[in-house]
Amino acid sequence: MIDFINKILEVFAAELSENYKPEQGRYDGWLEAQDLIFADTPVDRRSAARISHEFIKRMLGEADEDKWQKAGELRDLYDCHSCVNHIAQVYVKGIMTAAEPGIFGNKNILNAEEAGEIIMRMKYPDMRVNLLREPEYSSKAYSKDSEKTHMPKAEISGQEAPKSGASEETAARAIKLTDIKDVRKILEANPSAILIDVRSRGEYEEKHLDEAVNYPMAEIVNCFENTSVTDSNKLWEIQKDAIILLYCEKGYQSEIAANCLTEAGYGNVYFFGL
Amino acid sequence: MFDERYMKETMHKAVPFFEDAPCYELEEILELQKRNAELAWGHPDNERKMLLLDEMNDLMKNLKQRSDAPEKIYLWEDGKLPALGNYTDNSDLKYNHDPEFKPYMYAILVPEDVTPKGAVVVCAGGDHGDCTMHEGYQTCRDMVALGYQCFLLLNRTNNCPYDAREAGADASRAIRMVRANAAKYRIDENKLAFAGFSNGGLTAEACVQYYSGTQTIKTHFEDYEPCEYDNYYGSPDAIICVYGPRFKDAKFDYTNVVYPPTFFAVGKDDFAMPNLEATLPDLMAHHVNLEVHTFAGVPHGQSGIQIYGEHKYPAFELWPIMADQFIQNVFSKSVIKRRPDELDNPEYRFDAFDNGKALLQKKKGHLPPMGWNSWNAFGSGNTEKLTKEMTDAVLELGLDKLGYKYMVLDDGCYKPVRVEGKLSNEDIKFPGGFKALSDYIHSKGLKFGMYNDIGTNLCAGAAVGTCGHEAVDAQCYADWGVDFLKVDNCYYLWDNATFSDSANAKYVFAPAIKGIKVTGNDFSLELTAKDACIRGEGVINNGEYLTNIGTFDGTGPAHTPVGAMSGEAVFTVEAGSDADFELTLTYATGTEEGIGSWLQLAVGEGENSELFYDDFLPASDNKESFRESPAIKIRLKKGKNLIRLMNHRRQENTLASYATLLKGLNDAKPDHDIIFSICEWGKTQPQNWGYKVGDSWRILNDITFRVGADGDPGYGSWTDDYTPSVCSQYNKAVIMDEFAGLDKGWNDPDMLMIGMNGLTENMQRTHMAMWCMMNAPLMLGLDLRRVKKNDAIYNIIANEQLILLNQDALGIPAKRIFSTASKGCPDTEYIRDNSRVDILAKPLADGGIALSFINLAEEKYVCADNNFEIAVSVADIVKYIGHKMVNTAEFEAAKEYLLTDLWSGARTVNCSGKFMVNELEACDNITIKVTVK
């Protein structure tokens, strides 16, 4: 639970006052006492729905959707009477999807990846799942772990990074790097590797890694969400088997962007936080 | 000449004598043990060995059991021992128990005049044998002296050579058998400790590893056929581990495990110390409740050596006294309930629902409560500050003078954990505490209400439900001066309520039934599903078997509230004389709505019914796999007998739980007048039983899920397919008038949504008129700071004339006596099509009646071409409510009636005796009072 809350605070650092502590959330009304008393427990979907809904409403001023009839297709919508509105709102706004068709999955536990996706959708309305679109398309970008094949970790020994070996049907997985030395090794071994800074323009201009180009995460995501390709979008020019490394501050945004790329067919994608 | 084989055989023959020590005179067994010990540890020379062996054989030949020896209680029926089959040969006499060994236990009990404190199952170490004497038998003697019913366990010993799952299965079985016989042993079924010594300690852990939580014998032994013992919990409530901690490199899998509080007693010179040191951090990391005692200078295996007359380690002899304190502490804090209550009092049973008798001195004569509730207004964002402001607003607006008096804190005000076992205030939202807030509200002349839950947790998850804590919580409510208590059923243990385990349906539905067989003297009768009659509603008979024997779930709007809410399968059996018979069923168990595992079996109806079975049946493999039940003893009378297979536990369990809370309130504050608002959302059809313990009962899920917040009025709907709308609630409540009254209580179609977005002014006026006519509780749910005297909202909620209808001394809710959509019985038909006009009639204490003409459609109603259909005559009124009116004859005979419009105040005179409207705006109402002029 505390991880989920801290992630929100980090992603929304700009919108919140300096040094905003989780306890402040109780005063501002988007957190309940139990969220902090049971900080170690994993966050379940209904709690995530409540917290994300209350946060965007109270802290970002985002109004509720008046028409939430679509939420009626969730058979477990009314199971928890105090959660109904939160679940309906996050569902209709596209911030949280159903766990399986017709079931929201109140008590299901969110893993770190799912939690990260939800927070990103809170921040970037463009990333929200548009329920009017065909479900296959929108679920493709945000499929759960189980739907992707697990690739072995890349050999980082000064040799060329291996090709993904991904089959036609299943996408390769983006690989998280935890040691900056591994990043250097890959870059040294692969001169044609592309290093991308996914933070905002301003953050990039203030300071960035040598050789890194700047593509803010939202742009990358939009690029692969939209069916039309624009000339100015250089990303499309990159070969599908190119070695791409993405980074941001904490590793959340670069992870989202990396997943976007792997979904689009890029086979050698890595990401890391500074 | 030393004969190795002779020694092995003799010592092997001695084992049962040691293990059965409770059956013999102690001095005689000690003689045998002395020689056995010398052979095992004394290093005698060969000649001495042979002498000792001969003496042992002589002793054993002459040993006789005492006349009052305890009975051997075998753990498993022949052929039903769950076994892995790996142990087949003991010809080298390596092990104490041969492959044919049948595990058993001895009950060693406190005297009849002593009230037992609980049960302790005792498992000695090693391969049992003579360890049984000091670790097993002596411990039993010590614990009996401390007041515990003891059970000396002779199970298949762990690793000698049996597998931990087999050893654990025997331990688990012994535990289940003791729990199942709790009444016989005069103990609480949920107060059972397990004392394991050395290897016996490992057995205790095996029992927890494999058989705690929801695991059963069948989890680990696929072919095992469950019996009635398997419906009891097979792991201990506390563990006493005497020098038997897990080996330091052993793995323990905590998933699926419920690890009970554990007490360790280990000597510091014990070779098990490194194991203890390795295990403790792991247990602590998994939040196991621990008490640990180590003893200087004490090596392994020294517990209970007093039985041999030895007192080498006097400090270590104290561990039973310390364990006693530990166990009592655990037992007293535990509120574990593993089964719904026994319902000894027939007043709590379905057959008593129609008798009109209230329970526990429930006060009658309460008019519908009026006040303000925080939920619709502020949801879980309500605070002490807001509540005080609402209290002030009630006074400023003069609402208190109109009857609004209960200020109720709904969900969201408690700290999510108990503090020292008690409810506590959420400290940011309610910093001053509940007593201070209660005092403030009382100082303004108003009354204070709070909220709780008959389950273990409140809906949002806070672990402060009253289940098991009723007495403590009732005392807190009494101390805080609570005048009103609203109680829901989230996380309820004995039904598949909101957030409860959906498998709890097993408690409230009978198994699927294929047939029954009744046998007695010269009598045998087999009946199948085809021979069954259905009593009530809902039972499904597909020709082969019967299902859905239980009570409808009333939370949703699909089903009418009128008529039978449950069904039974009834077999008629003719008996030649009054006699005892045996009944067996062919059945299959499930854990879902429609097919459960709990059977009630009664013979006869109403006051003459006799209940012969009210419990789980042993589980079948799955809901399609039928099996035979154990024989149930029944008694039939001469002539026709109705054998009823049923399950009314959905209603009975819930009634019992609410009653427990009422009893707690009665005990905490005798002669209190606390209004008890039952809020299980209609799930268990409370209109049938709510009057016995409560003042009102919710009839459906919530009227809105889009509650407000500070600065947000929330959202209400006029119509909805499910429950959140004015019409959904009205449509069900309007035909439930016969369930309500001053001597019973009130149907509760949920709180008022007046003031919310989404409802026009007409909708809000009609909402108020409906609730007033139906004698519903009038609980405001808006931010009263938004209201000014004589503004639109004020004029609705402060309509004194309408309120007077709701608070009329006669206490009779309105009856629907006409509807454009009715097929002939407007008062009982469940109509959900909202394009219609209804007319309600309500008799009043002063002899008048109130009539309400309600257009539910979202279009204006205009009477077509003089058909004057929206009309009722005096005759119509008398037909439906004449028997409830105060002065029917006068009303019927009158020539002129005075009509007062309760919205406009306009008065007219009516001489026709026919009351009609020709036009009604969308969602609007005309409500009038009719009195004889």
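Each remark here, short or long, concerns the structure printed above.
Residues numbered from 1 in each chain as written. Chains lettered and ligands numbered in written order. Predicted model: local features only at pLDDT ≥ 70, side-chain atom pairs only at ≥ 80, totals over all residues.

A. Spotlight on the overall build of chain A. Helix and strand counts for chain A stand at eleven helices and five strands. Among the 274 residues that make up chain A, the fraction classed as buried is 38%. Nonlocal contacts in chain A, meaning residues at least 24 apart in sequence, comprise 66% of its contacts between residues at least 6 apart. (Helix = DSSP H or I, 4+ residues; strand = E, 2+ residues; numbered from the N terminus. Buried ≥ 20, exposed ≤ 12 C-beta atoms within 10 Å, placed from the backbone. Contact = placed C-beta atoms within 7 Å.)

B. A look at the interface of chain A and chain B. Facing 14 residues of chain A, the contacting portion of chain B comprises 19 residues. Broken down by secondary-structure element, the contributors of at least two residues to the side of chain A that touches chain B are α2 (22–28), α3 (33–37) and α5 (84–92) of chain A. Top contributing element to the side of chain A that touches chain B by residue count: α3(A), with three residues. Residues belonging to the side of chain A that touches chain B are distributed by class as follows: six nonpolar, five polar and three charged. (Nonpolar A, V, L, I, M, F, W, Y, C, P; charged D, E, K, R; others polar.)

C. How the structure looks around helix α14 (residues 434–443) of chain B. Residues and elements named next belong to chain B. Taken together, the buried positions of α14 are F434, L437, S438 and I441. Looking down the long axis of α14, one finds its buried residues gathered within 100° of arc, a one-sided arrangement. Looking at the buried positions of α14, the neighbouring elements they touch are α12 (384–396), β10 (406–408) and β11 (447–453). Immediately beyond the C-terminal end of α14, within one or two residues, lies G445, with a positive phi of roughly 80°. (Arc of directions from axis to C-beta.)

D. Highlighting the pairing of strand β6 (residues 238–242) of chain B. In terms of burial, β6(B) is largely enclosed, as five of its five residues are buried. Residues A238(B), I240(B) and V242(B) line one face of β6(B) and the alternating positions I239(B) and C241(B) line the opposite face, and both faces are buried.

E. Summary view of the nonpolar core. Formed by 234 residues in total, the largest nonpolar core has its most connected members in I87(A), A257(A) and I513(B). Other than its neighbours up to four places away in sequence, I87(A) contacts R46(A), A49(A), A71(A), L74(A), L77(A) and F104(A). Grouped together as the second largest cluster of nonpolar side chains are 76 residues, V121(B), A167(B), Y232(B) and A265(B) included. (Core = buried A, V, L, I, M, F, W, Y, C linked by C-beta atoms within 7 Å.)

F. Looking closely at the sheet that holds strand β5 (residues 192–197) of chain B. Residue and element names in this part refer to chain B. Spatial ordering of the open sheet is given by β1-β2-β4-β3-β5-β6-β7-β8, a layout of eight strands whose pairing is mixed. Across the chains shown, the open sheet's two edge strands, defined by having one partner strand only, are β1 (73–74) and β8 (290–295). As paired elements, strand β3 (residues 118–123) and β5 share five bridges and run parallel to each other. Considered in β5, the bridge of V120 is made with A193. Sitting on the sheet, helix α7 (residues 199–211) touches β3, β5 and β6, and the angle it makes with β5 is about 135°. In this fold helix α10 (residues 319–333) packs onto β3, β5, β6, β7 (262–267) and β8, with an angle of close to 160° to the strand it touches most, β6. (Pairing = 2+ DSSP bridges. Axes fitted to C-alpha atoms, helices over the stretch in contact; angles between N-to-C directions.)

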